[in-house]
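The lines below spell out each chain.
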Amino acid sequence: MVRRWVVNDLDLVVDLVNTVYALADPPDRLTTVDHFRVILRGAGQSDLAEELADGDLDRLRELREQLRPAFGCDTGSEATDLVNELLREHAVVPQLSQDTTGVIRMDASGMSHGLAALAGRLVAALAEHLVQHGIRRLGVCAAAPCECVFVDRTRPGTRKYCCDTCNDRAAAAAHYRRRKANRRD
Ligand SMILES: [Zn+2]
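No experiment lies behind these values; they were computed from the predicted model shown.

A. Quick peek at the environment of L16. Tracing the chain through its elements places L16 in helix α1 (residues 2–17). Judged by relative accessible area, which is 0%, L16 ranks as buried. Considered as a pair, L16 and C73 are 57 residues apart in the sequence and their alpha carbons are 18 Å apart. With sequence-adjacent residues up to four places away left out, L16 is seen in contact with L30, F36, L60, L63, R64, L67 and L122.

B. Main features of the nonpolar core. Ranked by size, the top nonpolar core spans 36 residues in total, and within it L67, F71 and L118 carry the most contacts. Elements supplying a minimum of two residues to this core: α1, α2 (33–42), α3 (46–51), α4 (57–67), α5 (76–90), α6 (114–133) and β4 (149–151). Sort the elements by how many residues they give to this core and α6 lands first, with 10 residues. Excluding anything up to four places from it in sequence, L118 contacts F36, L40, L48, L60 and L63. Counting 11 residues, the second-largest nonpolar core is a separate cluster that includes A24, C141, F150 and C162.

C. Representation of the UniProt feature "domain: Zinc finger CGNR" (unreviewed entry) in the protein. In the UniProt entry, the feature "domain: Zinc finger CGNR" (unreviewed entry) is given for residues 137–179. Across residues 137–179, the secondary structure splits into 37% helix and 14% strand, with the terminal C-alpha atoms separated by 33 Å.

D. Layout of the packing of α4 against α5. Where α4 contacts α5, the axes come no closer than 10 Å and their chain directions differ by 155°. Regarding the angle of α4 to α5, the classification is roughly antiparallel. In this structure, α4 uses E62, L63, Q66 and L67 to contact α5, whose residues at the interface are L82, L86, E89 and H90. Considered class by class, the residues forming the contact of α4 with α5 number four nonpolar, two polar and two charged.

E. Structural view of a negative patch on the surface. Together, D58, E62, D74, E78, D81, E85 and E89 make up a region of like negative charge exposed at the surface. Residue assignment for the negative patch shows that the elements contributing at least two residues are α4 and α5. Looking at which element gives the most residues to the negative patch, the answer is α5, with four residues. Among the secondary structure elements, E62 is positioned in helix α4.

F. A look at the coordination of the zinc ion. Those protein atoms acting as donors to the zinc ion are C141 (SG), C146 (SG), C162 (SG) and C166 (SG), and they sit at 2.3 to 2.4 Å. Coordination at the zinc ion comes from four donor atoms whose angles at the metal span 106 to 116°, giving a geometry best classed as tetrahedral. Between consecutive donors of the zinc ion, the numbers of intervening residues give the motif C-x4-C-x15-C-x3-C. On the accessibility criterion, C162 (15% relative accessible area) is buried. Taking relative accessible area as the criterion, C166 reaches 0% and is therefore assigned buried.

What counts, and where the lines are drawn
Residues numbered from 1 in each chain as written. Predicted model: local features only at pLDDT ≥ 70, side-chain atom pairs only at ≥ 80, totals over all residues. Heavy atoms only, no water. Helix = DSSP H or I, 4+ residues; strand = E, 2+ residues; numbered from the N terminus. Buried < 20%, exposed > 50% of the residue type's maximum accessible area, 1.4 Å probe, protein only. Contact = heavy atoms within 4.5 Å. Core = buried A, V, L, I, M, F, W, Y, C linked by side-chain atoms within 4.5 Å. UniProt positions renumbered as here; feature names shortened; annotations may be inferred. Axes fitted to C-alpha atoms, helices over the stretch in contact; angles between N-to-C directions. Parallel < 35°, antiparallel > 145°, perpendicular 65-115°, else oblique. Nonpolar A, V, L, I, M, F, W, Y, C, P; charged D, E, K, R; others polar. Patch = residues over 30% accessible without salt bridge, like charges linked within 9 Å, V, L, I, M, F, W, Y side chains within 5 Å. Areas by Shrake-Rupley, 256 points an atom, 1.4 Å probe, with all protein chains shown as cover. Salt bridge = Lys/Arg side-chain N within 4 Å of Asp/Glu carboxyl O. Lys, Arg positive; Asp, Glu negative; His and termini not counted. Charge placed at Lys NZ, Arg CZ, Asp CG, Glu CD. Donors = N, O, S within 2.8 Å, 3.2 Å for Na, K, Ca; no water. Tetrahedral: all angles 85-135°; square planar, octahedral: opposite > 155°, others 65-115°.

Take a look at the structure:
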């Protein structure tokens, strides 16, 4: 059960970073805090959504840009340095709690609220992922100009694209290149 919030929070990292989507018009969709509130509510995090203030927009966008490079690291030490810096800046003291069934959980947001709680949880999720899987399963979409990020949960770990649309776009582009090359032969 403890692992579930890690997965959810890592998905929120992906959702936050991907509020910039090169193929959208305009590409940056995080122009209001409400945009991310909708994402949080969709992820079952209504409490956190309500705690964010409209004035958090700049800090939310800053957090997004701090998290983005973790998906493009070439080495484990690069990712370690990056996430360590984020842990120093954002980590809060985790707190344990026991629910009515006696299950003990760890809450990475500790006793903080709002953006601080969100930042603490997202950075903790990234750190936890690196501990468990290293950098292999974090990626950036290979279908230019898209630069969306993803967590590769496929069995072979060979995911290259952020979504089906980019997958199809890349396949169509490869097909076009092959046809053009054949015509030249
Ligand atoms: Zn993509």
